[in-house]
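One-letter residues, chain by chain:
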Amino acid sequence: MSNWIIHFLISNIFICIFTLVIIGTKKLLKKYLSAATQYHLCFLLFLLLAVPFFPVQIHGSQLFSWLHFFQTDSGLNSGTDTLSELTSNTQNILLNQVNDFSVSISSQFSGGLNTILFLIWITGVMIMSVLTLHSLNYVRSIKRSALPLQNQQVKTIYYNCLKELKISYPVSVYSTAFLKSPVLIGIIHPRIYIPIHLISELNPDDMRFMLLHELQHYRHKDTFIGFLMVISNILYWFNPFVWYTLKEIFCDREIACDSAVLQMISADEYQAYGTTLINFAEKISSFSSPLAVGMSGNFRQMKRRILNIAVFRKETLYQKMRALIIYLVISAVFIGCTPILSIDASTQSVYHFSDTDKNISLLDISETFGTYDGSFVLYDNNLDSWKIYDLEEATKRIPPESTYKIYDALLGLESGIITPEHSSMTWNGDAFPFPSWEADQDLNSAMQNSVNWYFQAIDSQLGINRVQEFLNKIEYGNQTTSSNLDLYWSDFSLKISPLEQVTLLKKFNTNEFHLNSQNVFSVKNAIKIASTPNGNFYGKTGTGRVNGQDINGWFIGYVETSDNSYYFATNIQSDSNATGKKAFEITSDILKKLHIWN
């Protein structure tokens, strides 16, 4: 949850921008939009406010890669995985051992900051909820004190209003001594409550206008909109832009309701309706409840409503159609932009895979994956064909974990920090969680045991600029690093999709990067798992661990036979036990079923 709060707060930046655009668009096109259309335009806000709460898989991808500093939540995954290379002179070789290491790195500061921010937010939500409950109690007291309407003259006016509005199902009407102007209360079964003093001091014209106004609220389902406003106020209590926009919606709602009444009455009644509004300005502005819909509003809002009445002209059919088209266009644009607010989406979180010109067959291997989410991608070089399990998951970019070490080693060789002949590094004596790390390493042992300190030493000598240039050159995933060169392949900054993994493996194996062929051969030899007379098997695992749980497992590689090459990538995700070793086992099972590698 503490990871979520950072994304939620960042989403609010975009929400602020969108609210400004909505308000600006409304004001810019005011002369072309009816009051009702302007009111409906603000409904887009509720869609924007809901998006950050859509269900997502937090560990699958993040909203902004540069938020990695905050995304630790007491544990950042630093995948360190190995596949033991098996060689034999026998014709058939079994892949019988996978050493899969994963280290969880603690970050107390960022996890604590996330927790503090979440506690502040939830405290505000609780305070706002208490205030709302207090308002609800006031509304309940009105309901308990109210009696069904008895006055026959008011009943007659009310039923005439129903006929004017062609409402078939009448709303229940009650009288109460606790109000100064009529209100509509309730979402599922709304009721109209009329103050007793208005009944005893009955002015038929005023009563008719006020009942028409409340019935228009009923027709427009404004009590439900009021409920959404209350929820928005509670969840976004800290966002002044949301508060301002909700006030605009409140005012637009009343103006739209006024305009709806004016649209149905005769033009010579406009002044009388405005006079009713002015006569009751002090009374109706004194009642305020987010759970009731009436003729309420502050004096600034009342001024806008009076001015609207003064310049009101009934809409023609052409004007209605024009407003509808403008509204639909604006809505389509905003709906298209809302995914940026989702925690599970960003401009870099999905690989745009064009499948129109590719030979693709979708696999049904859900039984092999069992309870794991994830995907499998296989590319057949001879047939130029793809076999994919779960295409949507295969396009999602996620941290590569230790699978990136293939390319990190390649960069180290290309930069001359290590060479094929001299790749040894001396262990500095520090204690590590795995005995195999506490020894001098060369490229082969470092790759087989996935020794973090070996590759971190390469990166520290290269510097972030050289690493970034290489990522850009080979077009590795989202090509994003963090300032921490020790963790960028696993801290949610660098991300890559299974489809991109396969594409890069093909380029690596065929040296489409135009690198030193001897360097490429050295890395190939370091990731070779098995060699038989029938072909060679290459691969690398990766495991992502967060808060002590393995949530992200990779196994990528390729099979070379005498006449073909097959490139594959498997990714699995779960709340726990999603390791590179498990991804390796799933891949082995799939390759066996496809008769590619037994």
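About the thresholds
Residues numbered from 1 in each chain as written. Predicted model: local features only at pLDDT ≥ 70, side-chain atom pairs only at ≥ 80, totals over all residues. Heavy atoms only, no water. Helix = DSSP H or I, 4+ residues; strand = E, 2+ residues; numbered from the N terminus. Buried < 20%, exposed > 50% of the residue type's maximum accessible area, 1.4 Å probe, protein only. Contact = heavy atoms within 4.5 Å. Areas by Shrake-Rupley, 256 points an atom, 1.4 Å probe, with all protein chains shown as cover. Axes fitted to C-alpha atoms, helices over the stretch in contact; angles between N-to-C directions. Parallel < 35°, antiparallel > 145°, perpendicular 65-115°, else oblique. Left-handed = near helix turned anticlockwise from the far one by under 90°. Nonpolar A, V, L, I, M, F, W, Y, C, P; charged D, E, K, R; others polar. UniProt positions renumbered as here; feature names shortened; annotations may be inferred. Pairing = 2+ DSSP bridges. Patch = residues over 30% accessible without salt bridge, like charges linked within 9 Å, V, L, I, M, F, W, Y side chains within 5 Å. Salt bridge = Lys/Arg side-chain N within 4 Å of Asp/Glu carboxyl O. Lys, Arg positive; Asp, Glu negative; His and termini not counted. Charge placed at Lys NZ, Arg CZ, Asp CG, Glu CD. Arc of directions from axis to C-beta. Phe/Tyr/Trp six-rings, centres within 6.5 Å; stacked < 30°, edge-to-face > 60°. Lys NZ or Arg CZ within 6 Å of the ring centre and 35° of its normal.

Peer 1: Quick rundown of the overall build of the chain? Include the residues and the values.
Peer 2: In terms of regular secondary structure, the chain is built from 22 helices and 15 strands. Here the chain holds 598 residues, and the buried ones make up 55% of them. At a minimum sequence separation of 6, the contacts of the chain that also span at least 24 residues come to 73%. Counting only carbon and sulfur atoms, one obtains 56% of the accessible surface of the chain, whose full area is about 26,600 Å².

Peer 1: Tell me about unusual backbone geometry, residues and numbers included.
Peer 2: For aspartate 390, which is not a glycine, the phi torsion comes out positive at approximately 65 degrees. On the secondary structure map, aspartate 390 appears in the loop between strand S11 (385-389) and helix H15 (391-394). Residue aspartate 390 is classed as partly exposed on the basis of its relative accessible area, which comes to 32%.

Peer 1: Tell me about the packing of helix H16 (residues 405-414) against helix H18 (residues 452-462), and name the residues and values.
Peer 2: Interaxial distance between H16 and H18 falls to 10 Å at its minimum, and their mutual angle equals 45 degrees. With respect to their mutual orientation, H16 and H18 come out oblique. Note that H16 runs across H18; the crossing there is left-handed. Along the contact surface, H16 presents Lys405, Asp408, Ala409, Leu411 and Gly412, while H18 presents Asn452, Phe455, Ile458, Asp459 and Leu462. Its residues placed into classes, the contact of H16 with H18 shows 5 nonpolar, 2 polar and 3 charged.

Peer 1: Go over the UniProt feature "transmembrane region" (unreviewed entry) in the chain with me, naming the residues and quoting the values.
Peer 2: Within this structure's numbering, the places UniProt gives as "transmembrane region" (unreviewed entry) are residues 6-25, 37-58, 116-139 and 323-343. As annotated, residues 6-25 has a helix share of 100% and a strand share of 0%, and its two end C-alpha atoms lie 29 Å apart. Helix makes up 100% of residues 116-139 and strand 0%. Its end C-alpha atoms lie 35 Å apart.

Peer 1: Could you give me a rundown of the pairing of strand S5 (residues 172-176), with the residues and numbers involved?
Peer 2: Taking burial as the measure, the 5 residues of S5 include 4 buried ones, the bulk of the element. Relative to S5, strand S4 (residues 147-148) runs antiparallel, the two being bridged by 2 bridges. Along S5, the bridge assignment pairs proline 148 with tyrosine 174. The pairing of S5 with strand S7 (residues 191-195) spans 5 bridges and is parallel. The residue bridging serine 175 from the neighbouring strand is isoleucine 194, located in S7.

Peer 1: Before we move on, can you summarise a negative patch on the surface with the specific residues and values?
Peer 2: A cluster of like negative charges, contributed by Asp373, Asp390, Glu392 and Asp575, occupies part of the molecular surface. For aspartate 373, the position within the fold is in strand S10 (residues 373-380). Of the residues examined, aspartate 373 reaches a relative accessible area of 35% and is grouped as partly exposed.

Peer 1: Describe the packing of H16 against helix H20 (residues 498-509), naming the residues involved and giving the relevant values.
Peer 2: It is the contact of H16 with H20, at a shortest axis distance of 12 Å, that shows an interaxial angle of 35 degrees. For H16 against H20, the interelement crossing comes out left-handed. Where H16 approaches H20, its residues Ile406, Tyr407 and Leu410 are matched on the opposing element by Gln501, Leu504, Leu505 and Phe508. Grouping the constituent residues of the contact of H16 with H20 by class yields 6 nonpolar, 1 polar and no charged.

Peer 1: Break down a nonpolar patch on the surface for me, citing the residues and quoting the values.
Peer 2: A surface patch of nonpolar side chains, amounting to about 470 Å² of accessible area, comprises Ile187, Ile188, Phe224, Phe227 and Ile231. Inspection of the secondary structure assignment puts isoleucine 188 in the loop between strand S6 (183-185) and S7.

Peer 1: Explain helix H19 (residues 464-474) to me, using residue names and the numbers behind them.
Peer 2: Listed as buried for H19 are Val467, Phe470, Leu471 and Ile474. Projection of H19 onto a plane perpendicular to its axis shows the buried side chains occupying an angular sector of 100 degrees, all on one side. Turned more than 90 degrees off the buried face of H19, the exposed positions are Asn465, Glu469 and Lys473. In this structure, the buried side of H19 is in contact with H16, H18 and H20. Positive phi shows up at glutamate 475, right after H19, with a value of about 55 degrees.

Peer 1: Break down the pairing of strand S14 (residues 549-561) for me, with residues and values.
Peer 2: Of all 13 residues that make up S14, 10 are buried, and the element is covered over most of its length. Of the pairings in the sheet, the one linking strand S13 (residues 535-546) to S14 comprises 12 bridges and is antiparallel in character. Looking at the pairing, arginine 545 lines up with aspartate 550 of S14. Linking S13 to S14, which pair antiparallel, is a turn of 2 residues; within it asparagine 547 sits at a positive phi near 55 degrees.

Peer 1: Tell me about a positive patch on the surface, and name the residues and values.
Peer 2: On the surface, a cluster of positive charge is contributed by Lys27, Lys30, Lys247 and Arg300. Looking at the secondary structure, you find lysine 30 in the loop between helix H1 (2-28) and helix H2 (35-41).

Peer 1: Please provide a residue-by-residue account of the packing of aromatic side chains, values included.
Peer 2: For the structure on display, the rule yields 36 aromatic pairs. Ring geometry for tyrosine 538 against tyrosine 558: centres 4.5 Å apart, planes inclined by 15 degrees, an arrangement best described as stacked. One end of the pair, tyrosine 538, is in strand S13; the other, tyrosine 558, is in strand S14, with 20 residues separating them in the sequence. Accessibility assignment for this pair places tyrosine 538 and tyrosine 558 in one class, buried. A network of ring pairs unites the aromatic residues Phe8, Phe53, Phe118, Trp121, Tyr236, Trp237 and Phe238 as a single cluster. The positively charged end of lysine 221 is found above the aromatic ring belonging to tyrosine 218, 5.7 Å away from the centroid. Taking the ring centre of phenylalanine 353 as reference, the NZ or CZ of lysine 358 above it sits at 4.9 Å.

Peer 1: Any details on the pattern of salt bridges? Residues and values, ideally.
Peer 2: This model, assessed by the stated rule, comprises 15 salt bridges. Between glutamate 254 and arginine 253 there is a salt bridge, and its shortest N-O distance comes to 3.4 Å. Glutamate 500 is the salt-bridge partner of arginine 397, the closest N and O atoms lying 2.7 Å from each other. Here glutamate 500 lies in helix H20 and arginine 397 lies in the loop between H15 and H16, a separation of 103 residues in the sequence. Accessibility expressed as a relative area gives 7% for glutamate 500, which makes it buried. A single salt-bridge network, built from bridges that share partners, covers Lys26, Glu248, Asp252 and Arg304.

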